[in-house]
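Overview (structure and organization)
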Amino acid sequence: MQDAAPKTIYLKDYTPFGWIIDDVHLTFRLHPTATRVISRIRFRPNPETTDRTFFLHGEALKPISAKVDGHEVALRNVDGGIEADVPNAPFNWEAEVEINPEANTALEGLYMSGGMYCTQCEAEGFRKITWYPDRPDVMAKFTVRIESDAEHTPVMLSNGDGLFYEQDSTQTPAPNVSIYQDPWPKPAYLFALVAGDLVAHEDSFTTMSGRKVDLAIWVRPGDEHKCAFGMEALKKSMTWDEEVYGREYDLDEFNIVAVDDFNMGAMENKGLNIFNSSCVLASPETSTDGNFERIEAIIAHEYFHNWTGNRITCRDWFQLCLKEGLTVFRDAQFTADMRSEPVKRIEDVLALRGRQFPEDQGPLSHPVRPESFQEINNFYTATVYEKGAEVIGMLKTLVGDTAYAKALDLYFERHDGQACTIEDWIAVFEESTGRDLSQFKLWYAQSGTPKVTVREEYKDDVFTLHLSQSSAATPGQDSKAPQVIPVAVGLLNDNGDEVVPTQILELTEAEQAFSFTGHATRPVPSVLRGFSAPVTLEQNVDDARRAFLLAHDTDPFNRWEAGRMLARGSLMATIRDGAAPNADYLDGLKSLLTDDTLDPAYRTLMLGQPSQSELAGLLHQAGETPDPDAIHTASEALRDAKAQSWADILPDLYAANQVDGPFSPDAEAAGKRSLANSALMLLTRIEGGALAATQYAKADNMTLQLSALSALLDADAGDEALAAFYDQWRDDRLVIDKWFSMQVIHAKPEAVADTAHRLTNHIDFDWKNPNRFRAVMGVLAGHHAGFHNKSGAAYTLLADWLIKLDPVNPQTTARMCSAFQTWKRYDAHRQTLIQTQLERIAGQATLSRDTAEMISRIRGV
């Protein structure tokens, strides 16, 4: 039967838990189908509340016993857990439950992954392990004892520092026993346990105070050679956090474990980070440059959580953006420092526009700090993470680097060991800067993407920018108050010289004017430099102005943006009127591509063009109905025009960016490979697959091999290489994920659904593994023209698989439902096809709470 009717939880209803926990002792007697969990917890009344209701969360637990101060206690089953009568005084709680890790296919709580025990407790997975107040504001010190047989689980890990590891000769047969103690109070969502046949890649780190920290990345036997890069990334992260934020690691050991079956990218459990294998394992032969960069960033992100998420956590799940937005901002700073600041900024904005803007403009729109939810797993979104990071960036821009650092120091000093709110965060900035940030706080409360409109005026040597802001209605918010929007602006003269360097204009009202005096000639404004706020910009700018900024703007982001806008305008003209690609855009970009003073990675980004989904969104915002077929045709025509227009420079561009010597994933080498491979993709459109076939045959790393395969598939010449790729890598699960994805990515729009369907029948398609499922179904949903093919076959195929997956893994299913969130953009025929599938999913008798909420919001019911 269907899950119980969903209950809506509101931020305004928050009340503290009635009890404080002094310490937690857990014993795990591991068994694949019958693990026993024994808990001993010391409670005392919380003086901040008089509510003494003793409620503990619990799901899918088989009760064995429950005692209060050594006496059996009667339990009352209530929605989501149990209640019991307890004294209004300190007491000891003892309980024993049995759980079945092998049956836990949802991958929340304690589950099995290829014979290995592992956990995922964020957000509410701990309640599937034992009875406990599973909420982030309940923090306690944990001591964990793990017992299991030595043959199958020779390694057993938990949070904190290991105190004891040996066989217990007092039991028959003698189990292996390990004991871990975490001296830092933490909420239950940060609990972790891993046990299995694992090997360690070990190293150490000396902190700024001189303490030695033992480091280990634990993997399955055979993956040891894929750990070195991850270890170096970890050490770089530890050094950077000390140097930039003054944050030192606080335990004697730090462990990372690679897990194949994992719903997310990674989890920051205190002292024992658990990673999706794809986010930590890397080697030149099996990982692309993009994989290396992503791994470096994710390792940094999870490590940085040690302070922004663990030592200081969130009071309730409405405050999720407090830890995630800040930590995403910190990992972006780290990547910018390790690689290229302009490139990182452009990549982040591409991700924001590709994922968060559609979310903000559709039925799934919600504030950075939501006011309500039914299933918190559905709010691990681009709005909370990426837009939350943009809010931190704006705050830093407004107060300045020095004040930002001062406020962060105060935040760490004041709130260490606490579960905090956005109000606590804002307060330290107000106190340290003296600014009133009440209006800025609207960024946390108002959903949607603000639009900033720019109008220019020049008179009597005075140049004036008239800025206005507006926000469209979003679900639950029909009207919006003006927000604080930092607009970074610089001015250029008609020679391209910067006459006014970047300054921040604070747009705080619905309309404001900002004047610049002393300009004998009309300057050219460069507006929203560095993408200083997550807004859309409406500005009456012709192609000549954009071409001028493409050639001369001193701000790297806005220079790239000028080219992007030219590409967008060219594509929109082709879609609407069948116009030929813009020759001025192609000529202007050609001169940049041959400018060897520019970073190759930056030039690669210049080569890109707006995604087909982005173009559909722009047409919809303009009041037009997007035609996926026309958008696809226009996009391909622009790529063909680039290849033809640049035919004389592409061979030299390809040759000049070959990298000699041993493979290195550093930014310089990766940038050159990215530019060379982009040139290869265009060259293949001219000369067929000969050069790509040569690169494929000679490739000694995955970046070159996969790029060559991509070019061959794009040219319909990749069947032989595709078969060889599978034969070479059939035993490497992460590389085979790439093999699955590549076939869907490069399928013709009319063949995408059939290609994905064929792959689901392949012997290696393990649909219960989130990585493999996303490698096919996630890529299917991202193939704009193929997913929205007028046959509706892709809609049906995705819905079929979501219905099949939901009883097994609700979390992955619910997140994949977002593929349908833009359905009202399209024509009536496609809307009817999608609506039919949404109603079919909604009508399932066994639909999970996670998926039911997502489908309801997408349907708008």
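Below is a summary of the structure that appears in this document. Note that the structure is a prediction, hence the values are computed from the model and not measured. Throughout, residues of each chain are indexed from 1 in the direction in which the sequence is written. Given that this is a predicted model, residues contribute local features only at a pLDDT of at least 70 and side-chain atom pairs are listed and counted only at 80 or more, while totals for whole chains, interfaces and linings are drawn from all residues. Note that water and hydrogens are dropped before the side-chain values are worked out from all heavy atoms of the structure.

The strand order β4-β8-β7 describes an open sheet built from 3 strands, whose pairing is antiparallel. Of all strands in the sheet, those with a lone pairing partner are β4 (55-57) and β7 (76-78), marking the two edges. Here the strands of the sheet are splayed against their neighbours by 30 degrees on average, with no regard to which way each runs. Taken together, the 3 bridges between β7 and strand β8 (residues 81-83) define a ladder with antiparallel strand orientation. In the strand pairing of β8, asparagine 77 is matched with isoleucine 82. By definition, two strands form a pair when at least two bridges between them are found by DSSP. Helix numbers and strand numbers start at the N terminus; a helix is a DSSP run of H or I with at least 4 residues, a strand a run of E with at least 2. For helices, the fitted axis covers only the stretch in contact; all axes are lines through C-alpha atoms, and the angles between them, taken along N-to-C directions, range from 0 to 180 degrees.

Turning to the pattern of salt bridges, a few remarks are in order. Every case where a carboxyl oxygen of Asp or Glu lies within 4 Å of a side-chain nitrogen of Lys or Arg is listed as a salt bridge. Using the criterion set out here, one finds 66 salt bridges in the structure. The closest approach of N and O atoms between aspartate 13 and lysine 12, which form a salt bridge, is 3.4 Å. The buried label goes to any residue with under 20% of its type's maximum accessible area, the exposed label to any with over 50%, and the partly exposed label to all in between, with areas taken from a 1.4 Å probe on protein chains only. We classify aspartate 13 as partly exposed; its relative accessible area is 46%. A network of salt bridges, in which partner residues are shared, links Glu636, Arg639, Asp640, Arg685 and Asp714.

Moving on to helix α18 (residues 702-714). The length a helix should cover is 1.5 Å for every residue beyond the first. Here α18 spans 18 Å end to end across 13 residues, near enough to the 18 Å set by a 1.5 Å rise per residue. Among the 13 residues that make up α18, 12 are buried, leaving the element largely enclosed by the rest of the structure. Those residues of α18 lying buried are Met702, Thr703, Leu704, Gln705, Leu706, Ser707, Ala708, Leu709, Ser710, Ala711, Leu712 and Leu713. The contact criterion used is simple: two residues touch if any of their non-hydrogen atoms lie within 4.5 Å. Taken together, the buried residues of α18 touch α2 (289-304), α16 (667-687), α17 (690-698), α19 (719-729) and α20 (733-745). Pairs of N or O atoms within 3.5 Å make up the polar contacts considered here, provided that, within protein, one atom can donate a hydrogen while the other can accept it, and that residues adjacent in sequence are counted only when both atoms are side-chain atoms. Sitting at the head of α18, asparagine 701 places a side-chain oxygen 3.2 Å from the backbone nitrogen of threonine 703.

Looking now at the nonpolar core. Definition used in this section: a nonpolar core is a set of buried Ala, Val, Leu, Ile, Met, Phe, Trp, Tyr and Cys residues joined via side-chain atoms within 4.5 Å. Of all hydrophobic cores here, the largest spans 227 residues; its most connected members are Trp425, Phe429, Phe440, Leu780 and Phe820. Other than its neighbours up to four places away in sequence, tryptophan 425 contacts Leu322, Leu326, Ile392, Leu395, Leu408, Tyr411 and Tyr444. Among the nonpolar cores identified, the runner-up in size contains 41 residues, and Val68, Ala84, Met112 and Phe142 belong to it.

The next thing to look at is the packing of α18 against α20. Closest axis-to-axis distance for the α18/α20 pair is 11 Å, and the angle between their directions is 20 degrees. With respect to α20, the axis of α18 lies roughly parallel. α18 and α20 meet at a crossing whose hand is right-handed. For the pair α18 and α20, contact is made by Met702, Leu706, Leu709, Ser710 and Leu713 and by Val735, Lys738 and Met742, respectively. Should an angle fall under 35 degrees it is taken as roughly parallel, and over 145 as roughly antiparallel, whereas 65 to 115 is taken as roughly perpendicular and any remaining angle as oblique. Should the near helix be turned anticlockwise from the far one by less than a right angle, the crossing is termed left-handed; should it be turned clockwise, right-handed.

Turning to the packing of α20 against helix α22 (residues 770-782), a few remarks are in order. Packing of α20 against α22 leaves a shortest axis separation of 9 Å and a crossing angle of 15 degrees. Taken together, the axes of α20 and α22 lie roughly parallel to each other. Between α20 and α22 the crossing geometry is right-handed. On α22, the residues that touch Arg733, Leu734, Ile736, Asp737, Phe740, Ser741, Val744 and Ile745 of α20 are Asn771, Arg772, Ala775, Val776, Val779 and Leu780.

Throughout this description, disulfide means a covalent bond between two cysteine sulfur atoms. The disulfide definition used here is simple: a pair of cysteine sulfur atoms within 2.5 Å. Counted under the stated rule, the structure contains 0 disulfides. There is no disulfide at cysteine 321, and the cysteine sulfur nearest it, in cysteine 314, is 8.8 Å away.

Assignment of secondary structure puts threonine 812 in helix α25 (residues 810-816). Non-local contacts of threonine 812, meaning those with residues more than four positions away in its chain, are made with Asn263, Pro770, Phe773, Arg774 and Leu805.

With 9 bridges connecting them, strand β25 (residues 451-459) and strand β26 (residues 462-470) associate as antiparallel partners. Counted as the bridge partner of glutamate 456 is leucine 465 from β26. Turn length for the β25-β26 hairpin, with the two strands adjacent in sequence and antiparallel, is 2 residues, and the turn residue aspartate 460 shows positive phi of about 55 degrees.

Burial runs high along strand β9 (residues 91-99): 7 of the 9 residues are buried. Where strand β3 (residues 35-45) and β9 come together, 9 bridges link them in antiparallel fashion. Bridging across to β9, threonine 35 finds its partner in isoleucine 99.

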